[in-house]
Amino acid sequence: ADDVIANGDCAADLRFGHDWHLLAFCSRIGVKGIGERLTKDEAIDWPGWLYTPFAGNFRMVFYRNKAGDILVKCFINERETTLLGLPDGPYYAWEDLKESLRSGNKTE
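What you are looking at is a predicted structure, and each value in this text was computed from that prediction instead of being measured.

Colleague: Any chance you could break down the confidence of the model for the chain for me, citing the residues and the numbers?
Modeller: Chain-level pLDDT for the chain is 86 on average; 94% of the residues reach the 70-or-more range. Within the chain, the element-level pLDDT minimum falls on helix α4 (residues 48–51), averaging 82, and the maximum on strand β4 (residues 91–93), averaging 95.

Here it is, written out as structure tokens:
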């Protein structure tokens, strides 16, 4: 992402995998609805079908605002989502999101 941002190019980097890989990835980065720890009672009613259908996807869309700041908005299965541990969603400063991904920090 940093290379594309620096060059000002448009790009798409698409990766495909099984639904359970998507679930693990989204849990790891703290996608709301997936990354929280649930009690046994909460887990019974967790709508897994909503987050991991067989053709599920996760997208990060990058924007440059008028001030030149790079913002990122995340989507799970075409639905806007927020990330745990990062305030002020659904738009995140790229540097804040990148640091969160590198450090593995997320709140429960």
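Colleague: Could you give an account of the side chain of Lys98, with specific residues and numbers?
Modeller: Summarising the element assignment, Lys98 is placed in helix α5 (residues 94–103). Classification of Lys98 by relative accessible area gives buried; the value is 12%. Polar side-chain contacts of Lys98 include one of 2.8 Å to the side chain of Asp2.

Colleague: Lay out the nonpolar core with the relevant residues and their values.
Modeller: Counting residues in hydrophobic clusters, the biggest one holds 16 residues, and the most contacted among them are Cys26, Val31, Ile34, Phe58, Ile76, Leu83 and Leu97. At the level of elements, α2 (19–29), β2 (70–76) and α5 are the ones that each hand at least two residues to this core.

Procedures and definitions
- Here the residue numbering is sequential within each chain, running from 1 through the sequence in written order.
- Given that the model is predicted, a residue must reach a pLDDT of at least 70 before its local features are reported, and side-chain atom pairs must reach 80 or more before they are shown or counted; all residues, however, enter totals for whole chains, interfaces and linings.
- Water and hydrogen atoms play no part in the side-chain values, which are based on all heavy atoms of the structure.
- Per residue, pLDDT measures the predictor's confidence, with a range of 0 to 100.
- Numbering of helices and strands starts at the N terminus; helices are DSSP runs of H or I of at least 4 residues and strands are runs of E of at least 2.
- For the exposure calls, accessible area comes from a 1.4 Å probe over protein chains only, and a residue counts as buried if that area is under 20% of its type's maximum, exposed if over 50%, partly exposed in between.
- In protein, a polar contact requires one atom able to donate a hydrogen and another able to accept it; more generally it is a pair of N or O atoms within 3.5 Å, and residues adjacent in sequence count only if both atoms are side-chain atoms.
- Here, nonpolar core refers to any group of buried Ala, Val, Leu, Ile, Met, Phe, Trp, Tyr and Cys residues whose side-chain atoms link them within 4.5 Å.

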